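# Remarks on the overall topology
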Amino acid sequence: MQSKPTQNKDEIEQQGLQKIHRDLRAAMDALREVLRDLNEDEVAATLKDIDGYEHTTSDDIMAGNEEKSIQALSISFQLMNLVEENATVQFRRKLENNLGLSVIRGSWGETITRLQQKGLTEDQIAAVLPQVKVMPVLTAHPTEAKRTSVLELHRELYLELVKKENQMYSTTERKIIDDGIKSLLERWWRTREVNLEKPNLESERNNVMHYFTQVFPLALERSDQKLRYTWQAMGYDPTRLTTTDQFPVLEFGSWVGGDRDGHPFVTAEVTQSTLLSHRAAALEILRESILKVSARFTFSDGQNPVPSFFHNAIGQLQMQLGEAGKKAIQRNPREPWRQFLNLVVAKLDNTIGANKLAPEACYQTSQQLQQDLLILRNSLMEAGAAKIVEDLLFPLERKVQCFGFHLVKLDIRQNSSFHEKALEQMLKAASFKDWEYSHWDEKKRLQFLDAELKSHRPFVVGGVHIGPEADKIIDCYRVVRNHINRYGPQGLGSFIVSMTRGVSDLLVVYLFMRELGMINFPLPIVPLFETIDDLQHAHQVLDGFLSHPMSKKLIGTRTQEVMLGYSDSNKDGGILASRWNIYQAEQKLTLVGEKHGVKLRFFHGIGGTISRGGGKYHRFLDGMPQGSLSGEIKLTVQGETIAQQFANLLNASYNLEMLLSGTSLQTAYTLHLKQKRLYPFGAFSHMAELSLQKYQQLINRERFIEFYSQATPIDLLERSRIGSRPARRTGKRSLEDLRAIPWVFSWNQSRFNLTAWYGVGYALAEIRKNYPSEYEELRTFAHKWPFLRYNLIHVETNLLNSDEHLMHQYANLVQDKALREEFLKLIMDEFFLAKEQIMDLLGEEALDRRQSLLDNIHRRKEALLKLHHLHIDYLAQWRKMSEQEKESNDLMLDRLLMITTALSGGLKSTG
């Protein structure tokens, strides 16, 4: 029973802010001490305003030794982020202890409480959980500005900060911790912050593998414990959460090594090695986990009754393994449970290295391992060891369920235009007279595809060079086919078609599958709708695809995945138009799925920044259209967001909990709350349309690209070394060809942030003036409609993070005065209008609502100004150089990239 609270939420929040200041000052004192010990007194002196107490001018970076000042500030910002991260964890703990489980936003406690308030029973909630399936997909888009070695230092430092929370340590023990922190800070100071070369695919793969192998297995276990504990704390029957099939399913995906859209370095060989490395890591995780459990199963048959079926299972396993089975039995006499696990490990060892062994001596699938663990479970339950099953065996069963023998599902992504070129080359090689497929209209394409898909013959003979795109497609599909033939389809995710514009873009993948003899493989073909126009027609494309005879034959009752792009739709139309068109697309696509009797799984291509769909998971899930989440969801975790959300175990567990509990909440609403909620859809649609017009007037205005190229550091980011993928898809210098990530990154670095607010002020002002009834609807629902509030808060956040002074400073880099003043006036007028309109609509001063955010901004302000002013100065110098001078002047480029990294740390975002 919850004890009477001793503090309210506001008091706890105030204490949390005080803790951040206190802990940050201690951390900065340690860094300054380290620098002074290294005879870097002048550098230490430049850090005196970083903890938010002492403020100096923003121009005291050491002249002649800027590199050290930049590095010190960069470390300081990242140290600040770690302090805040730890304080947030402690804040949640204090909230829970004082106010109960349900007060933690996004937690299982809040979710179950909300479902109870909606009238759902224990039976109904328990029935929802197994229907939930969540898949975070890690990508390596060029947004993570920090080196992997620096991320490792982050992890070590965070653990030391957590140790300091233990109030039982002695003075000596605290001194040891402080010395450990100083040692880590010295190592950090001696470590280069900026990559000398662009990271390659192998390093990106190693980085995400750290999370798949070292973080997620433990975070999954903690998340399960939290659900089980919350369930019992709510007074529910604990036996409802004892087996894996009673829990939500959590799977993981990856794009690293599979996403070849505009990425020339993702070859068939890279995909093959990635799939094999995933499998090897999964088997090793399971092997180590079983060995760990086995060491604890020291139960003797003299003290514990051994069921006869368990004796039989041991004997059968021993016979399958021959001599290895005999040795496994001999190791632990009179301890049958340990003997059984010895045999399981031996069979798993055969699975890891076997080529010539008999099939029964190896596990062919992870389901076979699950069956053996079920035998173990039943024997322990019959022996009355239910607590042992819960504590030791269940976490192992969950790992097998969630990671299998494949670890993660690797998606294969390619652009529709690349597919068009590949098909053209195949048709030309097959002597088709009219082979220029890219010139055909959609009607002609569909007629051709309909006819071709009735045939089984391939276009070309294997092993013959056809053309660059076709060869790459065939090589990729061959790798996928061979892997599935040998290991099964579990390690593969989806074939995703970027820039899906029509039904033909999806059907052409069937032709590629036919070419390689894969047409009956259970691999989903997934449309990715990215631009505003594509989102508006998405339901028509999906309807056509699901209506096609080949789709009806192959999809059947399988779930159909649909990917929605937040990044390009934002670049195309601004934040409100992007969000609204995605919202509407979900509604219309859901109806198409219902029409065809097909369950949809939406794949949300979100990024780390607000412009690209980033933010708290519970708010993101709350804002989904009613009925659109039918149990399964997939979403990308990109760039620096991976480390921000999952670098430490407690944060990782909380983010997984938010994903699982939030998805369960929305799934329960879909299943049980059929009454449609009435929200001001028309008013929001009108607001989105007006903001779209204003936004597109800006980006389509004559000479906009010229202004953008000079007022932001986009030219620098295109030379950055923060990802293996090029900044542009084809290398063309156009807004259309520019990837959405550097687009957002460049506006953030120059503190405009306009990708997350431009057009909103105009839209609200127009509605307020000319459509007062719509405006009143928006005002009434600003705090009642989760989707509306989610978007308004996101716009406000970016407005508060923008900086009027710095916008002018970066705009001064534009050489043409008339051009500068023209665009700056447009931007600043809209900036002030948006701030005024958002505040009026939300109904109270930001100071009263956003204290934590404003404190966060204030804490960084002076130190960020130092970096921004240096950034602007260096950009001006660098742009005066010739291309030849830029190529040869590594020092200037390195310093600019160091500032980029430092600003990213201070702003807590890139693209």
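How each quantity is defined
Residues numbered from 1 in each chain as written. Predicted model: local features only at pLDDT ≥ 70, side-chain atom pairs only at ≥ 80, totals over all residues. Heavy atoms only, no water. Helix = DSSP H or I, 4+ residues; strand = E, 2+ residues; numbered from the N terminus. Buried < 20%, exposed > 50% of the residue type's maximum accessible area, 1.4 Å probe, protein only. Contact = heavy atoms within 4.5 Å. Areas by Shrake-Rupley, 256 points an atom, 1.4 Å probe, with all protein chains shown as cover. Axes fitted to C-alpha atoms, helices over the stretch in contact; angles between N-to-C directions. Parallel < 35°, antiparallel > 145°, perpendicular 65-115°, else oblique. Nonpolar A, V, L, I, M, F, W, Y, C, P; charged D, E, K, R; others polar. Salt bridge = Lys/Arg side-chain N within 4 Å of Asp/Glu carboxyl O. Left-handed = near helix turned anticlockwise from the far one by under 90°. Expected span 1.5 Å × (residues − 1). Pairing = 2+ DSSP bridges. Core = buried A, V, L, I, M, F, W, Y, C linked by side-chain atoms within 4.5 Å. Right-handed = clockwise from strand over helix to strand, strands pointing away. pLDDT = per-residue confidence, 0-100. Polar contact = N/O pair within 3.5 Å; in protein donor to acceptor, adjacent residues only side chain to side chain. Phe/Tyr/Trp six-rings, centres within 6.5 Å; stacked < 30°, edge-to-face > 60°.

Turning our attention to the overall build of the protein. Helix and strand counts for the protein come out as 39 helices and 9 strands. With respect to the three principal axes, the spread of C-alpha positions in the protein is 85 × 85 × 60 Å. Relative to its 911 residues, the protein shows a buried fraction of 60%. Partitioning the contacts of the protein with sequence separation of at least 6, the portion at a separation of at least 24 is 81%. Carbon and sulfur atoms make up 50% of the accessible area of the protein, which totals about 36400 Å².

This brings us to the packing of helix 4 (residues 108–117) against helix 26 (residues 649–672). In the contact formed by helix 4 and helix 26, the axes pass within 9 Å of each other and the chain directions differ by 10°. Accordingly, the angle class assigned to the pair helix 4 and helix 26 is roughly parallel. Each of Trp108, Thr111, Arg114 and Leu115 in helix 4 lies in contact with helix 26, whose residues at this interface are Glu657, Leu660, Ser661, Gly662, Ser664, Leu665, Ala668 and Tyr669. When its residues are assigned to classes, the contact of helix 4 with helix 26 shows 6 nonpolar, 4 polar and 2 charged.

For the rest of this paragraph, the subject is the pattern of salt bridges. With the rule as written, the count across this model stands at 57 salt bridges. The partner of Lys68 in a salt bridge is Glu40, and the shortest N-O contact between them spans 2.7 Å. Of this pair, Lys68 sits in helix 3 (residues 66–99) while Glu40 sits in the loop between helix 1 (9–37) and helix 2 (41–45), and the two are 28 residues apart along the sequence. When the shortest N-O distance is used, the salt bridge between Glu632 and Lys599 registers 3.9 Å. Of this pair, Glu632 sits in strand 9 (residues 632–638) while Lys599 is found in the loop between helix 23 (575–596) and strand 8 (600–605), placing the two residues 33 residues apart along the sequence. Look at the salt bridges and you will find they share partners, linking Asp411, Glu561, Lys599, Arg601, Glu632 and Lys634 into a network.

What follows deals with the packing of helix 33 (residues 786–801) against helix 35 (residues 817–842). When two helices pack together, their arrangement is captured by the angle between the axes and the distance separating the axes. Helix 35 packs onto helix 33 with a crossing angle of 140° between their chain directions and a minimal axis gap of 10 Å. As far as their axial angle goes, helix 35 and helix 33 are oblique. Considering only the axes of helix 33 and helix 35, their crossing is left-handed. Packed against helix 33, whose contacting residues are Arg789, Leu792, Ile793, Val795, Glu796 and Leu799, the element helix 35 presents Phe831, Ala834, Lys835, Ile838, Leu841 and Leu842 at the interface.

Compared with an ideal rise of 1.5 Å per residue, which puts 19 residues at 27 Å, helix 27 (residues 681–699) spans 27 Å between its outermost C-alpha atoms and is within 8% of the ideal. Taken as a whole, helix 27 has its buried residues at Ala683, Phe684, His686, Met687, Ala688, Leu690, Ser691, Leu692, Lys694, Tyr695, Leu698 and Ile699.

Most of strand 1 (residues 133–139) sits out of view: 6 of its 7 residues are buried. Bridge count for strand 1 against strand 2 (residues 249–250) is 2 bridges, and the pairing is parallel. Considered in strand 2, the bridge of Lys133 is made with Val249. Bridge count for strand 1 against strand 9 is 7 bridges, and the pairing is parallel. Paired with Pro136 across the bridge in strand 9 is Leu635.

One finds Tyr477, Tyr510 and Met513 to be the most contacted residues of the largest nonpolar core, which totals 124 residues. In terms of residue count, helix 8 (residues 201–233) provides more of this core than any other element does, 10 residues in total. Leaving out residues up to four positions away in the same chain, Tyr510 has contacts with Leu453, Ile519, Ile525, Phe545, Met550, Ser551, Leu554 and Ile555. Residues Tyr583, Leu754, Leu788 and Met892 belong to the second largest nonpolar core, which totals 112 residues.

All right, on to the pairing of strand 6 (residues 525–529) then. The side chains of a regular strand alternate between both faces of the sheet. Counting buried positions along strand 6 gives 5 out of 5 residues, so the element sits mostly inside the fold. Side-chain alternation along strand 6 places Ile525, Pro527 and Phe529 on one buried face and Val526 and Leu528 on a second face that is also buried. Of the strand pairs in this sheet, strand 5 (residues 492–498) and strand 6 are connected by 3 bridges, and their pairing is parallel. For Val497, the partnering residue across the bridge sits in strand 6 and is Pro527. Handedness of the β-α-β unit built from strand 5, helix 18 (residues 503–515) and strand 6 comes out right-handed. Pairing geometry for strand 6 and strand 7 (residues 560–565), over 2 bridges, is parallel. Across the sheet, residue Phe529 finds its bridge partner in strand 7, namely Leu564.

Regions with low pLDDT should not have their predicted coordinates read in detail. Confidence in the prediction for the protein averages 91 pLDDT; 94% of positions are at 70 or higher. Below a pLDDT of 50 lies the segment residues 52–58, which in the model reaches 19 contacts outside its immediate sequence neighbourhood of four places, other chains included.

Position of Ser653 among the secondary structure elements: in helix 26. By relative accessible area, which is 8% here, Ser653 ends up buried. Here the side chain of Ser653 touches Leu649 through a polar contact of 2.8 Å, landing on its backbone oxygen. Aside from chain neighbours lying at most four places away, what touches Ser653 is Ala219, Arg222 and Ser223.

The residue His483 is located in helix 17 (residues 468–487) in this model. Not counting residues within four places of it along the chain, the set of residues in contact with His483 comprises Leu275, Leu276, Gly488 and Leu492.

Across all of its chains, the model carries 46 aromatic pairs by this definition. When the centroid spacing of 6.2 Å and the interplanar angle of 55° are considered together, the rings of Tyr566 and Phe620 count as tilted. Placement of the pair is Tyr566 in the loop between strand 7 and helix 22 (567–573) and Phe620 in helix 24 (residues 617–622), with a sequence separation of 54 residues. Each member of the pair, Tyr566 together with Phe620, is buried.

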